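# Structural overview for review
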Amino acid sequence: MEGIGTIVLIFAAVGVGVYILFVFIPVALWFSALLSGVRISLVQLIFMRWRKVPPKVIVSALIESTKAGLDLNRNELEAHYLAGGHVSQVTHALVSASKANIELGFKMATAIDLAGRDVYEAVQMSVIPKVINTPPVTAVSKDGIQLIAKARVTVRANIRQLVGGAGEETVLARVGEGIVSSIGSSESHKTVLENPDFISRVVLEKGLDAGTAFEILSIDIADIDIGKNIGAVLQTDQADADLKIAQAKAEERRAMAVASEQENKALAQEMRAKVIEAEAEVPRAMAEAFRNGQLGIMDYYRMKNIEADTSMRENIANPKDKGKKK
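Please read all numbers here as calculations on a predicted model, not as lab measurements.

## Observations concerning the overall build of the protein
- Of regular secondary structure, the protein possesses 14 helices and four strands.
- Counting the 326 residues in the protein, one finds 27% classified as buried.
- Within the protein, counting contacts between residues at least 6 apart in sequence, those at least 24 apart form 66% of the total.
- For the protein, the accessible area works out to roughly 21300 Å², and carbon and sulfur atoms hold 58% of it.

## Brief notes about helix α5 (residues 74-82)
- What α5 keeps buried is the set Arg74, Leu77, Glu78 and His80. Within α5, the buried residues cover an arc of 160° as seen down the axis, which keeps them to one side.
- Structurally, α5 contributes buried residues whose contacts are with α3 (42-50), α4 (55-67), α6 (87-99) and α7 (106-114).
- The backbone nitrogen of asparagine 75 lies 2.8 Å from a side-chain oxygen of the residue at the head of α5, namely asparagine 73.
- Downstream of α5 by one or two residues, glycine 84 has phi in the positive range, about 95°.

## Examining the nonpolar core
- Among the nonpolar cores identified, the biggest contains 52 residues, and Leu77, Leu104, Ile179, Ile183 and Ile199 are the most heavily contacted of them.
- Looking at this core element by element, the count peaks at six residues for strand β3 (residues 145-157).
- With residues up to four places along the chain from it excluded, the contact list for isoleucine 183 reads Ala139, Val140, Ser141, Leu147, Ala149, Val192 and Ile199.

## Here's the deal with the confidence of the model for the protein
- Across the protein, pLDDT averages 79, with 90% of residues at or above 70.
- Summarising per-element confidence for the protein, the mean pLDDT is lowest in helix α14 (residues 319-325) (54) and highest in α5 (87).

## A short note on unusual backbone geometry
- Positive phi, normally seen in glycine, also occurs at lysine 52, with a value near 65°.
- One can find lysine 52 in the loop between α3 and α4.

## A word on helix α11 (residues 197-205)
- Looking at α11, one finds that the buried residues are Ile199, Ser200 and Val203. Down the axis of α11, the smallest arc covering the buried residues is 100°, so these residues share one side.
- The secondary structure elements touched by the buried residues of α11 are α9 (168-184), α10 (189-194) and β4 (214-229).
- Just downstream of α11, glycine 207 is the residue with a positive phi angle, here 60°.

## Structural notes on the side chain of serine 141
- With respect to the element layout, serine 141 can be found in the loop between β2 (137-140) and β3.
- Only 2.3 Å separates the side chain of serine 141 from the side chain of aspartate 143, close enough to count as a polar contact.

## Examining a nonpolar patch on the surface
- A grouping of Phe290, Ile297, Met298 and Tyr301 is seen on the molecular surface, where their side chains present a nonpolar patch of about 420 Å² in accessible area.
- By residue number, the principal contributor to the nonpolar patch is helix α13 (residues 297-317), which donates three residues.
- On the secondary structure map, isoleucine 297 appears in helix α13.
- With a relative accessible area of 46%, isoleucine 297 lands in the partly exposed category.

## A closer look at the environment of isoleucine 63
- Here isoleucine 63 shows up in helix α4.
- It is 9.6 Å that separates the C-alpha atoms of isoleucine 63 and leucine 35, two residues lying 28 residues apart in sequence.
- Among all residues touching isoleucine 63, those that are not within four sequence positions of it are Ser32, Ala33, Ser36 and Val38.

## Brief notes about the pairing of β3
- In the sheet, strand β1 (residues 130-133) pairs with β3 via four bridges, with the strands oriented antiparallel. Each bridged residue has a counterpart across the sheet, and for lysine 130 the counterpart in β3 is valine 155.
- Of the strand pairs in this sheet, β2 and β3 are connected by four bridges, and their pairing is antiparallel. Bridging from a neighbouring strand, valine 140 pairs with glutamine 146 of β3.
- Here β2 hands over to β3 after four residues, with glycine 144 in that stretch at a positive phi of 90°.

## Considerations on the side chain of aspartate 113
- Here aspartate 113 shows up in helix α7.
- Look at aspartate 113: it is buried, it has no salt bridge, and the nearest opposite charge is arginine 117 at 11 Å.
- In this structure the side chain of aspartate 113 is engaged in a polar contact, spanning 2.9 Å, whose partner is the side chain of histidine 80.
- Apart from residues lying up to four places away in sequence, aspartate 113 is in contact with His80, Gly85, His86, Val90 and Val119.

## Focus on the pattern of salt bridges
- A full pass over the atoms with the stated rule returns seven salt bridges.
- Between glutamate 187 and lysine 142 there is a salt bridge; the shortest N-O distance is 3.2 Å. Placement of glutamate 187 in the loop between α9 and α10 and of lysine 142 in the loop between β2 and β3 is noted, with a sequence separation of 45 residues between them. For the pair glutamate 187 and lysine 142, a shared accessibility class is recorded, and that class is exposed.
- Counted as one network, the salt bridges with shared partners bring together Arg51, Arg74 and Glu78.

Conventions adopted
Residues numbered from 1 in each chain as written. Predicted model: local features only at pLDDT ≥ 70, side-chain atom pairs only at ≥ 80, totals over all residues. Heavy atoms only, no water. Helix = DSSP H or I, 4+ residues; strand = E, 2+ residues; numbered from the N terminus. Buried < 20%, exposed > 50% of the residue type's maximum accessible area, 1.4 Å probe, protein only. Contact = heavy atoms within 4.5 Å. Areas by Shrake-Rupley, 256 points an atom, 1.4 Å probe, with all protein chains shown as cover. Arc of directions from axis to C-beta. Polar contact = N/O pair within 3.5 Å; in protein donor to acceptor, adjacent residues only side chain to side chain. Core = buried A, V, L, I, M, F, W, Y, C linked by side-chain atoms within 4.5 Å. pLDDT = per-residue confidence, 0-100. Patch = residues over 30% accessible without salt bridge, like charges linked within 9 Å, V, L, I, M, F, W, Y side chains within 5 Å. Salt bridge = Lys/Arg side-chain N within 4 Å of Asp/Glu carboxyl O. Pairing = 2+ DSSP bridges. Lys, Arg positive; Asp, Glu negative; His and termini not counted.

The following block contains the structure:
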């Protein structure tokens, strides 16, 4: 019984040892690397785990690069992983660049990856250009007609400018600015409609890809629509504004005329009051003359006769006025 118990304990110990060997020590991964021609020791794999580096990620990258004929350094891959990089993406990019005869070093690839760009996608874009559709761009030609253009921009990734270079938004903004400028410099919208390739030539000559992460291969005008007649709208608005100004000035002149008329009426009333006041002074003066002996009764009657003669002559001269008075 004791012999059987010893044998069971031995088998249990062997099982635990095998479990620990395969779980905590990546023997299978080491064996796979060995068969692929990657020289790496079990101790190094164990140290990777202690350094919080997944051995599978590093070994897979080494196997892929070795099969592709690239010589990558294990320490550099670990350092890139610890720096927050994507080891598998960098490895895929290096292999793709090597197969496509694109010059791309490990330091450049890791720099692009750490800059936040997808280095593998960039390599793919260098091989297969990408088409970017611009949003509708509105511009006005010199004859005042609004045109709405859409363009397709074919770009290729510029590996050397990926770090620090501007992205797609900058390319689209520059292309839109170039379209607006080229349409705005056209004498007529008909010229643009007849030769849309004129826009492409003008925009390409400006070197819009300078300082960006892309190289512009072509700019193709996909569609041009006619919008509003901006010139006519502006002229109509100007005419409305001029009409309102003229009306305001006319109203001002009318108000001034009404005020002037009222002032004249007030002045006439004032003059009339002064005349009445002056006429009221005549009887007083006559009474004063009677008291002072300067005016006799015959003089008074003579004056009355003169007034009667004057009134008679006026009635004879203006019979209509006389009829109206009656």
